[in-house]
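# Topology and contacts: notes
The primary structure of each chain is shown beneath.
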Amino acid sequence: MTMKKNNCLNIRINEQEKCNYASEARDLGMSLSEYVIYLLRHRQIHVINSGSKLAEAMYELNTTLNKCLTHPQIPAQTIRRTIAEHIDKLNRCIENEKSGGHSNNVNPKI
Amino acid sequence: MSILKFENRTPRSLSKMYEYMIDPQKTDASAIFGIGVNPNNAVNEMQFVQNLYRKENLTHEYLQIIFAFDVGVKAEMSLIREVCERIGAVLVTDKRQVFGAIHYLGKEANHISCHYMINYVGIDGALYKQKYSVVHYKKLVNQILNEYGFNLIHYYDS
C-alpha cells in the first residue's frame, strides 16, 4: 500500500548545481524530485542509452505487426516471440539492478 | 444502450488484471488485441516501459476502461473486435500501450463487453492524463458505433 507523501525534504544547492541536476533528470525523462529520490533509494542509475527510442521502436513494431498477422510470408508471431524473450531478459536485468543484485548480463549502454 | 465506463480503482496489479482479462471462461485468443503492445506479452512490455522511465510505486499501474455493447448484441467476432479496436484507439490521445480483451463467453455471452488496460506510463514516459471529459470520449465512441449500426451510449451533455 502506498504511503501518503506528506513530508518535505529541503536541500540547499547553488544555481549551477540545480541546473545540472535538472538537466540530468530531463535526459532520463524524470522530474528533479523523481531523480533525487531514485538516486537516494538505489545509489546509482544505469542508463540505457536510447531507451526511449527502444520503447518507441517496440510500440511501432507492434503496430506494424498487427497489420501483418494474416500475411502468409511474414512470421509475425515468431517475431513477437523473439521480442518477448528479449524484453523479458531486459526486465529481469532492470529488476535485478533495482533490488541491488548484480548481473553480468547487464549492458548499461544499449 | 451501450456503456462506456472509466474505472478509477485499480485494486489488482498489472499482472492480476491481465489474468482476469484473459480468463478463458470469458474470452479466447481471437478476442484479445493490443495497440502498440503484443497482446500475448502485454504485462512484460508495459512493465518494460515503466522500468525504462523508472516509474516506481505508481499509485496506478494502468487505467481500466470498460465498454459494453447493448444487451443481446450478436455479431461476428471479427466485427466486434474491429469495433473494439477502433474504440481503443480513440481512448488514448498519445502513444500509449493498450491491451484489450473482449468478454463474450459463458455468462458474458448475452452482454458482450471489452475491457481495456491502458499503461499509465506512455511511450515517452508521460503519466496518463484524461485529456478530455468522459462525455467527449462517449461522443467519439458513438461516432464509431453509429457507423456499424450498434446502439449508442446515452449521456447527459450540459
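Residues numbered from 1 in each chain as written. Chains lettered and ligands numbered in written order. Predicted model: local features only at pLDDT ≥ 70, side-chain atom pairs only at ≥ 80, totals over all residues. Heavy atoms only, no water.

Looking only at helices and strands, chain B features four helices and five strands. Secondary structure elements of chain B, listed N to C terminal, follow the sequence β-α-β-α-β-α-β-β-α. Over its C-alpha atoms chain B spans a radius of gyration of 15 Å, differing by no more than 12% from the 15 Å that the globule rule assigns to 158 residues. At a minimum sequence separation of 6, the contacts of chain B that also span at least 24 residues come to 77%. In the structure as shown, chain B presents an accessible area of about 7200 Å², 49% of it carried by carbon and sulfur atoms. (Helix = DSSP H or I, 4+ residues; strand = E, 2+ residues; numbered from the N terminus. Rg over C-alpha atoms; globule rule 2.2 N^0.38 Å. Contact = heavy atoms within 4.5 Å. Areas by Shrake-Rupley, 256 points an atom, 1.4 Å probe, with all protein chains shown as cover.)

Once that is clear, we can look at the interface of chain A and chain B. Chain A puts 33 residues into the contact, and the matching count from chain B is 24 residues. Here chain A and chain B share an interface that buries about 2500 Å² over both sides, 50% of which is from carbon and sulfur atoms. Inspection of the region where chain A meets chain B yields two salt bridges. In this structure, the salt-bridge partner of A:Glu60 is B:Lys95, at a minimum N-O distance of 2.4 Å. Taken together, the connections running from chain A to chain B amount to ten residue pairs in polar contact (both at pLDDT 80 or more). Residue assignment for the side of chain A that touches chain B shows that the elements contributing at least two residues are helix H2 (32-42), helix H3 (51-68) and helix H4 (76-98) of chain A. The residue inventory of the side of chain A that touches chain B, partitioned by class, reads 15 nonpolar, ten polar and eight charged. (Buried area = accessible area lost by both parts, 1.4 Å probe. Salt bridge = Lys/Arg side-chain N within 4 Å of Asp/Glu carboxyl O. Polar contact = N/O pair within 3.5 Å; in protein donor to acceptor, adjacent residues only side chain to side chain. Nonpolar A, V, L, I, M, F, W, Y, C, P; charged D, E, K, R; others polar.)

Residues and elements named next belong to chain B. Residues of strand E2 (residues 32-35) alternate between two faces, with Ile 32 and Gly 34 on one and Phe 33 and Ile 35 on the opposite face, all of them buried. Here four bridges tie E2 to strand E4 (residues 98-103), and the two strands are oriented antiparallel to one another. For Ile 35, the partnering residue across the bridge sits in E4 and is Val 98. (Buried < 20%, exposed > 50% of the residue type's maximum accessible area, 1.4 Å probe, protein only. Pairing = 2+ DSSP bridges.)

To continue, consider the confidence of the model for chain A. Residues and elements named next belong to chain A. With 82% of its residues at a pLDDT of at least 70, chain A reaches an overall mean of 78. Across chain A, the element-wise mean pLDDT spans from 83 in H2 up to 88 in helix H1 (residues 15-27). A low-confidence stretch, residues 102-110 (pLDDT under 50), is modelled with 18 contacts involving residues beyond four sequence positions or located in other chains. (pLDDT = per-residue confidence, 0-100.)

Residue and element names in this part refer to chain B. Using the criterion set out here, one finds seven aromatic pairs over all chains in the structure. On the numbers, 5.5 Å between centres and 45° between planes, the contact of Phe 6 with Tyr 137 is tilted. Taken together, the residues span a long stretch of sequence, with Phe 6 in strand E1 (residues 3-7) and Tyr 137 in helix H4 (residues 134-148) at a distance of 131 residues. According to the relative accessible area criterion, Phe 6 is buried, its value standing at 13%. On the basis of relative accessible area, Tyr 137 is assigned to the buried category, the value being 1%. Judged by centre distance (6.1 Å) and plane angle (65°), the ring pair of Tyr 132 and Tyr 137 falls under edge-to-face. (Phe/Tyr/Trp six-rings, centres within 6.5 Å; stacked < 30°, edge-to-face > 60°.)

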